[in-house]
Amino acid sequence: KMGAVRALLAVSPDSLLSQIGVALIGWGGPAASQVRKAADEERADRELRAVVFQPVLPLFRARADGLSSVILPTGLLGKAWGQLRRHDPDLIDECREAAEAWCTGDPTPPVYDRACATAAWRLRDAFQDAPDADRELAEEFAAYLDLAPVVRRAVKRLSEWLGRPTEAGQAGFKLLVKDAVEARADAAPRLFELIFGQLDQGWQILNLAAGAVGKERPADRFLAESELAVIGERLLADAEARVERIRTMEAKGGAAAAKGVGADIARVCQVLDAFDKYVELSRDGPWGKRVFAARKNLAENVESRLKQVEDALLDALPVVPVRHGMKVLRHAPRLDRDPDLAASAKARALFALLDEARLGASVAGYGALHAQVLTDVEKLIDTYVEDLVEEIPTLSGAPLARAELFLDIAAELLEKARGPKPAEIVRRRAAAALSAALSKDVA
């Protein structure tokens, strides 16, 4: 029975292992104790596996930044470690002892790299008679394991290499690539994939391009034909997809529809700026023309939305002209009908976009329009609130109830445009005016 339990624990996700330990706290009897002990042992074994296989772990999970990457079947990770446990238990014990003795700042124990090399050999041996597809996947993972020592060295210097480029740093990275290629002729694409997996922000890989080729700003034509081509294509494809997502945002979906637009804008700006900074782009180059097109499309897409903000505001907070003869004296809040829910939702979406687009305004090229739209809508909301608060003492019944609804919409939109403090002032003024009007109505 315990053999079956251990087999189940071996294929359970990490989160479930933790839950099992918590769930069995307080349970008596030898069976519960054995299961809890088995879960603890499995969790400790996975922690050790994560330390030893750290350079290749990104191959088994999706990237947090959403960029596409090589993802291998998680079963391969367990298979490689299982082969070590079965055939090389002494090596596992050495890794465990090294992990327990290791202190922050100490060099990485060499036994980790020996374990990765042995795991690669064991994996190839275990799959030599497997079907072609399975054998090819095992060989692919083994080839990545072969590079674990080089990647472990790279991880220690990433912060240095990602800072301001220096000749020493570029030389160090170029030597790293050379060492990998000497160990295996086709190693460069896999090396970049593994380093890519160690970066929180994928665009940072472009910062390493200079070190890889020994040039201050490599030409896009050169990089598009190099080992970095696949990752460069991923970055551009992601930026283009985000620009398209901004273009197709459905404003009628309300603020939820605009959620994430700011993150999309920020990501596109980061990627395009990285290409500008670290790659010599030409307008007709394979990457240059796409970078220029993406920047142009981003600005046009955001600007087209910004130009809709004022009209959406007037639909959500409708006014009616007050005339003296043919002359329009002013525009008064219109209170003969309830707020239009669709118009309010669209205004919320566009004001959310206005807020989220703030950070990328100067970088993406729509800064002047963004500033002008902000100024215009702030004036419109301020005027609307002033007029409606002055009118409230004369209202009662349905118009008074509508005034409260419209003031709430105005405050919500103002908060997106100018922040919480101005919106809170509107809410306090509205509450005071409405309270006075209701007291008078009751009297």
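For the structure, check the block above.
A word on the nonpolar core
Residues F53, F141, I205, I265 and F275 are the most contacted members of the largest nonpolar core, which totals 125 residues. Top element by residues in this core is helix α21 (residues 397–418). It accounts for 10 residues. Filtering out sequence-adjacent residues up to four positions away, I205 remains in contact with F192, I195, F196, L199, L228, I231 and L235.

Examining the packing of aromatic side chains
Summed over the entire model, instances satisfying the criterion amount to five aromatic pairs. Both rings, one in W161 and one in F173, keep their centres 5.1 Å apart while their planes meet at 80 degrees; by these two values the pair is edge-to-face. One end of the pair, W161, is in helix α8 (residues 148–161); the other, F173, is in helix α9 (residues 167–183), and 12 residues separate them in sequence. Taking the relative accessible area as the measure of exposure, W161 reaches 6% and is therefore buried. Aromatic ring contacts, followed pair by pair, group W161, F173 and F192 into a single cluster. The lysine or arginine in question, R283, covers the ring of F292, its NZ or CZ lying 4.2 Å from the ring centre.

So, the packing of helix α18 (residues 341–356) against α21
Two elements in contact, α18 and α21, have axes whose closest approach is 8 Å; the angle formed by their N-to-C orientations is 20 degrees. Between α18 and α21, the crossing angle belongs to the class labelled roughly parallel. The chirality of how α18 crosses α21 is left-handed. Residues S344, A347, R348, F351, A352 and D355 of α18 pack against I409, E412, L413, K416 and A417 of α21. Broken down by class, the residue content of the contact of α18 with α21 amounts to six nonpolar, one polar and four charged.

Thoughts on α9
Relative to the 24 Å expected for 17 residues at 1.5 Å per residue, α9 spans 24 Å between its end C-alpha atoms, a close match to the ideal helical length. When we look at burial in α9, the residues that qualify are G169, Q170, G172, F173, L176, V177 and A180. Buried residues in α9, looked at end-on, bunch into an arc of 165 degrees, giving them a common side. Looking at α9, the residues exposed on the side facing more than 90 degrees away from the buried face are E167, A168 and E182.

Reading guide: rules and limits
- Residues numbered from 1 in each chain as written.
- Predicted model: local features only at pLDDT ≥ 70, side-chain atom pairs only at ≥ 80, totals over all residues.
- Heavy atoms only, no water.
- Core = buried A, V, L, I, M, F, W, Y, C linked by side-chain atoms within 4.5 Å.
- Buried < 20%, exposed > 50% of the residue type's maximum accessible area, 1.4 Å probe, protein only.
- Helix = DSSP H or I, 4+ residues; strand = E, 2+ residues; numbered from the N terminus.
- Contact = heavy atoms within 4.5 Å.
- Phe/Tyr/Trp six-rings, centres within 6.5 Å; stacked < 30°, edge-to-face > 60°.
- Lys NZ or Arg CZ within 6 Å of the ring centre and 35° of its normal.
- Axes fitted to C-alpha atoms, helices over the stretch in contact; angles between N-to-C directions.
- Parallel < 35°, antiparallel > 145°, perpendicular 65-115°, else oblique.
- Left-handed = near helix turned anticlockwise from the far one by under 90°.
- Nonpolar A, V, L, I, M, F, W, Y, C, P; charged D, E, K, R; others polar.
- Expected span 1.5 Å × (residues − 1).
- Arc of directions from axis to C-beta.

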